[in-house]
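Secondary and tertiary structure notes
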Amino acid sequence: MLLENKVIIITGAGGGLGEGIARVCHREGARVVIADIRGEAAQEVAASLGERSLAVTCNVAEDAHLQNLAAATLAHFGRIDGLVNNAGVNFVKPFLETTAADWERLISVDLRAVFFLSQLVCRQMLQQTPRGGTIVNISSVHSMLAYPGAGPYDAAKWGVVGLSKAIALEMATQGIRVNVISPGLINTQIWRDLLDAASDAEAVRTHWNANIPMERAIEPEEIGELATFLLSERSSSMTGANVFADAGLTSSLVSKEPYSIRPIEGE
Ligand SMILES: NC(=O)c1ccc[n+]([C@@H]2O[C@H](COP(=O)([O-])OP(=O)(O)OC[C@H]3O[C@@H](n4cnc5c(N)ncnc54)[C@H](O)[C@@H]3O)[C@@H](O)[C@H]2O)c1
């Protein structure tokens, strides 16, 4: 098993991608801390995993909650070997209408919390025996490409890559590795809601698939496998990397959607 007895904190693990990552880490032998602002959801995931799991209610936007998360983990498991900063929120709103409150709400969860929880966890990793650990930060294909109306999300997800590289450099000789996963479209509630809300769900699926070379959404546990690899010794040479797990999305110059415009031809 890749993570036998490792103590791994996963934020936003009460559902979606975080739950998928937690399930794979647990299957690989880890002791997992399911942290989520939705305490009941975190409890349900932990209960379904059974032993080697702990649920902690945590709003990552609150510093006191981050401190409590680290303290609860230490009280229960005695050390911290890994952290997955996964909790995230998103919205789409025109740039000209976005307010300071919109900006702060998103940045506090998607960027600020990644910095301060990593800081808390690194301090612990440096003082425990054996020393060190690994951090995996969940960004997005928005760390390379932008979407109209998603400026704060784009800024946060690009920012996660920059700060991960900076922390990776500072910790490189201290036994702590920091890497980023940038996923493409994942089959989580937001995607299912989009399909449910559409008058023609198949047309929505076809549209998205035309922009994804593998023509499908990614399952949370597929990203969980990659996170497990990055948390484990198998990735011992990797730090500061941003790994795209996007079913080809960022490799394609053009959509596969049919179009009527005449292709540009060389002259
Ligand atoms: N779904 C996708 O297609 C996709 C693609 C790329 C990246 N991501 C990223 O993956 C991560 C997880 O996304 P998801 O699709 O699973 O979303 P989701 O909404 O399904 O799950 C997010 C989880 O985080 C929790 N959460 C929200 N705010 C929180 C807070 N302040 N404190 C603690 N927990 C909080 C929610 O309760 C929920 O359980 C996010 O960082 C997101 O940006 C998602």
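Computed from a predicted structure; not experimentally measured. (Residues numbered from 1 in each chain as written. Predicted model: local features only at pLDDT ≥ 70, side-chain atom pairs only at ≥ 80, totals over all residues. Heavy atoms only, no water.)

This part takes up the overall build of the protein chain. Helix and strand counts for the protein chain come out as 8 helices and 7 strands. Taking 2.2 N^0.38 as the reference for a compact globule, 267 residues should give roughly 18 Å; the C-alpha atoms of the protein chain span a radius of gyration of 19 Å, in line with that estimate. Expressed as lengths along the three principal axes of its C-alpha atoms, the size of the protein chain is roughly 65 × 40 × 40 Å. Burial statistics for the protein chain: of 267 residues in total, 49% are counted as buried. A total accessible area of about 13500 Å² is found for the protein chain, and carbon and sulfur atoms account for 56% of it. For the protein chain, the separation between the mean place of its 21 positive charges and that of its 30 negative charges on side chains is 7 Å. (Helix = DSSP H or I, 4+ residues; strand = E, 2+ residues; numbered from the N terminus. Rg over C-alpha atoms; globule rule 2.2 N^0.38 Å. Buried < 20%, exposed > 50% of the residue type's maximum accessible area, 1.4 Å probe, protein only. Areas by Shrake-Rupley, 256 points an atom, 1.4 Å probe, with all protein chains shown as cover. Lys, Arg positive; Asp, Glu negative; His and termini not counted. Charge placed at Lys NZ, Arg CZ, Asp CG, Glu CD.)

All right, on to the packing of helix α1 (residues 16–27) against helix α8 (residues 220–231) then. Put simply, α1 and α8 touch, their axes get as near as 8 Å, and they point 55 degrees apart. Taken together, α1 and α8 sit at an angle that is classed as oblique. Where α1 crosses over α8, the handedness of that crossing is right-handed. Residues G16, L17, G20, I21, R23, V24, C25 and R27 of α1 touch α8, and the partners they reach there are P220, E221, I223, G224, E225, A227, T228 and L231. When grouped by side-chain class, the residues that make up the contact of α1 with α8 number 8 nonpolar, 4 polar and 4 charged. (Axes fitted to C-alpha atoms, helices over the stretch in contact; angles between N-to-C directions. Parallel < 35°, antiparallel > 145°, perpendicular 65-115°, else oblique. Left-handed = near helix turned anticlockwise from the far one by under 90°. Contact = heavy atoms within 4.5 Å. Nonpolar A, V, L, I, M, F, W, Y, C, P; charged D, E, K, R; others polar.)

Lining the immediate surroundings of the ligand are 27 residues, of which L17, D36, N59, N86 and Y153 lie closest. Contact between the ligand and L17: an oxygen atom at 2.7 Å from a main-chain N or O atom of the residue. The protein chains hide 86% of the 830 Å² of surface that the ligand would expose on its own. Elements represented by at least two residues in the shell around the ligand include exactly α1 and α5 (151–171). Residue classes in the shell around the ligand are distributed as 13 nonpolar, 11 polar and 3 charged. (Near = heavy atom within 4 Å. Polar contact = N/O pair within 3.5 Å; in protein donor to acceptor, adjacent residues only side chain to side chain.)

What follows is about the sheet that holds strand β6 (residues 176–183). Strand order in the open sheet made by the 7 strands is β3-β2-β1-β4-β5-β6-β7, with parallel pairing throughout. With partners counted over all chains shown, the strands left at the sheet margins are β3 (53–57) and β7 (242–245), one partner each. For this sheet the average axis-to-axis angle between neighbouring strands, irrespective of direction, equals 20 degrees. Summarising the sheet, strand β1 (residues 7–11) and strand β2 (residues 31–36) pair through 5 bridges and their orientation is parallel. Of the residues in β2, the one forming a bridge with I9 is V33. Here helix α3 (residues 63–77) sits on the sheet and contacts β1, β2 and β3; the angle it forms with β3, its principal contact strand, is near 155 degrees. In the packing of helix α4 (residues 100–127) onto the sheet, contacts are made with β1, β4 (82–85), β5 (133–138) and β6, and the angle to β4 comes to roughly 180 degrees. (Pairing = 2+ DSSP bridges.)

Our focus in this paragraph is the packing of aromatic side chains. Describing an aromatic ring pair means giving the distance of the ring centres and the angle of the ring planes. Taken as a whole, this structure holds 2 aromatic pairs when the rule is applied. Note on F115 and F116: the rings are 4.9 Å apart at their centroids and 70 degrees apart in plane angle, and the pair reads as edge-to-face. The exposure class of F116 is partly exposed, given its relative accessible area of 30%. Here the aromatic rings of W191 and W208 are separated by 6.3 Å at their centres, their planes lie at 80 degrees, and the arrangement is edge-to-face. Taken together, the residues W191 in helix α6 (residues 189–197) and W208 in helix α7 (residues 201–210) connect sequence positions 17 residues apart. The exposure class assigned to W191 is buried, which follows from its relative accessible area of 5%. Note on W208: relative accessible area 27%, which makes it partly exposed. (Phe/Tyr/Trp six-rings, centres within 6.5 Å; stacked < 30°, edge-to-face > 60°.)

This paragraph deals with the side chain of T11. Along the chain, T11 turns up in strand β1. Here the side chain of T11 touches N86 through a polar contact of 2.9 Å, landing on its backbone nitrogen. Every residue in contact with T11, bar those within four places of it in the chain, is listed here: A35, V60, L69, V84, N85, N86, A87 and L117.

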